[in-house]
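Here is how the chains run, residue by residue.
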Amino acid sequence: MINFIMIAFCIMTGMVMKSARIIHPDAHKGINTWILYIALPAVSFKYLPKVTWSPAMILPVLSAVVVVAGSWCFMNIYCRYKQYSKRTHATLELAGGYSNTSFIGFPLIIAYFGEQFISIAIICDQMTFLILSTIGIITALKGGASGNSPVSAGFLLKKLLTFPPFLGCVLALLLSRVTDLSVAEPFFDKLVATVAPLALFSIGLQLKFSGWRKEISQVSVVLLYKLLLAPALVVVAALLLKERSDIARISIFEAAMPTLVTSGVIAEQFRLNTRVINLIIGISILVSFLTTAAWFEILKHVF
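Presented here is an overview of the structure given in this document.

Conventions and cut-offs
- Within each chain, residues carry numbers counting from 1 in the order of the written sequence.
- For this predicted model, a pLDDT threshold of at least 70 governs which residues receive local features, and a threshold of 80 or more governs which side-chain atom pairs are given and counted, while totals over whole chains, interfaces and linings are taken from all residues.
- Processing note: side-chain calculations cover all non-hydrogen atoms of the structure and skip hydrogens and water entirely.
- Throughout, nonpolar core names a set of buried Ala, Val, Leu, Ile, Met, Phe, Trp, Tyr and Cys residues whose side chains join them through atoms within 4.5 Å.
- Relative accessibility decides the category of a residue: with a 1.4 Å probe and only protein chains considered, values under 20% of the type maximum give buried, values over 50% give exposed, and everything between is partly exposed.
- Working rule for contacts: check all heavy atoms of both residues, and any pair within 4.5 Å makes them a contact.
- Per the convention used, a helix needs a DSSP run of H or I reaching at least four residues, while a strand needs a run of E reaching at least two, with both numbered from the N terminus.
- Whenever two N or O atoms come within 3.5 Å, that pair is a polar contact, provided that in protein one can donate a hydrogen and the other can accept it, and provided that, for residues adjacent in sequence, both atoms are side-chain atoms.
- Axis definition: a line fitted to C-alpha atoms, limited for helices to the stretch in contact. Angles are taken between N-to-C directions and run from 0 to 180 degrees.
- For classification, angles of less than 35 degrees are called roughly parallel, those exceeding 145 degrees roughly antiparallel, those between 65 and 115 degrees roughly perpendicular, and all remaining angles oblique.
- Note: crossing handedness is left-handed where the near helix turns anticlockwise from the far helix by less than a right angle, and right-handed where it turns clockwise.
- By the convention adopted, Pro, Cys, Tyr, Trp, Phe, Met, Ile, Leu, Val and Ala count as nonpolar, Lys, Arg, Asp and Glu as charged, and the other residues, Gly among them, as polar.
- Think of a salt bridge as a Lys or Arg side-chain nitrogen and an Asp or Glu carboxyl oxygen that are within 4 Å of each other.

Quick word on the nonpolar core
Right, so step 1: In this structure, Val-43, Leu-92, Leu-94, Ile-109, Phe-113, Ile-252 and Phe-253 are the most contacted members of the largest nonpolar core, which totals 96 residues.
Right, so step 2: Those residues within four positions of Ile-109 in sequence are excluded, and the remaining contacts are Gly-114, Phe-117, Ile-118, Ala-121, Ile-250, Phe-253 and Glu-254.

Laid out in structure tokens, this is it:
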């Protein structure tokens, strides 16, 4: 209960401070810099060395692939039926394919399952980012103003290798092989403790809901896929792999997270429909508090 009160308090505080103009409109950028460059790499250093690697760990990796592939198929059919432009198609595919596995996912994993399962969530998160940095950017480029421009491997590699959480993940895995990182764990604990409150506060600062009635059809179809169908696809994948464990539960639960905030950043960078994707991000975050509760109950009985 305390975790849920913290989640609600942090988001509402951000929304109130933004509405009252108590804080600078771009304050979330500074907060996000701390989270991305300091706090999330610390999460990798704290939890990844403790991961017990096994064949079952393929599911957290596969789950992100399943969600993105499902989004491509679902949005392709929907956008053809509605005769939407490439720009709208790319926007909806970007919004549906990438889960908010850290900013929302980590706090909810802790609230529902416990802090000990964050290591599995990190794998889901890093795989999501890896796909976003490659397929996500290609999707945005094809749908944006420069839709006919070629995508260079160097550009994609630069995006990947300059993303601090990815670097933190790689370094944590490599360094834990050659040295004992447990001596620095109290330091990592302090940094990790900032992730949930600051991430949720930052989201509260960024939530936008104006004009949602005009875009309700597009918002609704993404919510249907992202919060219901996507995790259901991962359920099917887990059952096909005959995986009924904590790894399966966390992988499915992470797939049920709302749309990734970074998707909005990429949409803006490549001139997609930022109004629609920002609406989807805001509404999906709020609705996800209900749908993730439902998924938690389903997972208790199925897995």
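Some details on the side chain of Thr-292
Right, so step 1: Along the polypeptide, Thr-292 turns up in helix α14 (residues 274-302).
Right, so step 2: Of note is the side chain of Thr-292, whose polar atom sits 2.5 Å from the backbone oxygen of Ser-288.
Right, so step 3: Discounting residues that sit within four places of it in the chain, Thr-292 has contacts with Leu-108, Tyr-112, Phe-253, Ala-256 and Met-257.

Quick word on helix α12 (residues 246-255)
Right, so step 1: Burial analysis of α12 places 9 of its 10 residues in the buried class, which makes it a mostly covered element.
Right, so step 2: The set of residues buried in α12 consists of Ile-247, Ala-248, Arg-249, Ile-250, Ser-251, Ile-252, Phe-253, Glu-254 and Ala-255.
Right, so step 3: Contacts from the buried residues of α12 go to α3 (58-82), α5 (105-112), α6 (118-143), α11 (216-240) and α14.

Points about the packing of helix α4 (residues 86-97) against α6
Right, so step 1: Where α4 contacts α6, the axes come no closer than 7 Å and their chain directions differ by 160°. Our classification of the angle between α4 and α6 gives roughly antiparallel. The crossing of α4 and α6 is left-handed. Each of Lys-86, Arg-87, Ala-90, Glu-93 and Leu-94 in α4 lies in contact with α6, whose residues at this interface are Leu-132, Gly-136, Thr-139, Lys-142 and Gly-143.
Right, so step 2: Class assignment for the residues of the contact of α4 with α6 results in 3 nonpolar, 3 polar and 4 charged.

Some thoughts on the pattern of salt bridges
Right, so step 1: Going through the model one piece at a time under the given rule, you end up with 5 salt bridges.
Right, so step 2: The salt bridge partner of Arg-275 is Glu-215, with a shortest N-O separation of 3.9 Å. Taken as a pair, Arg-275 in helix α14 and Glu-215 in the loop between α10 (195-206) and α11 lie far apart in primary sequence, 60 residues in all.
Right, so step 3: Under the relative-accessibility criterion, Arg-275 is labelled partly exposed at 40%.
Right, so step 4: In this structure, Glu-297 and Lys-300 form a salt bridge, with 3.4 Å as the shortest nitrogen-oxygen distance. Of this pair, Glu-297 and Lys-300 are both found in helix α14, 3 residues apart, which corresponds to roughly one turn of the helix.
Right, so step 5: On the accessibility criterion, Glu-297 (37% relative accessible area) is partly exposed.

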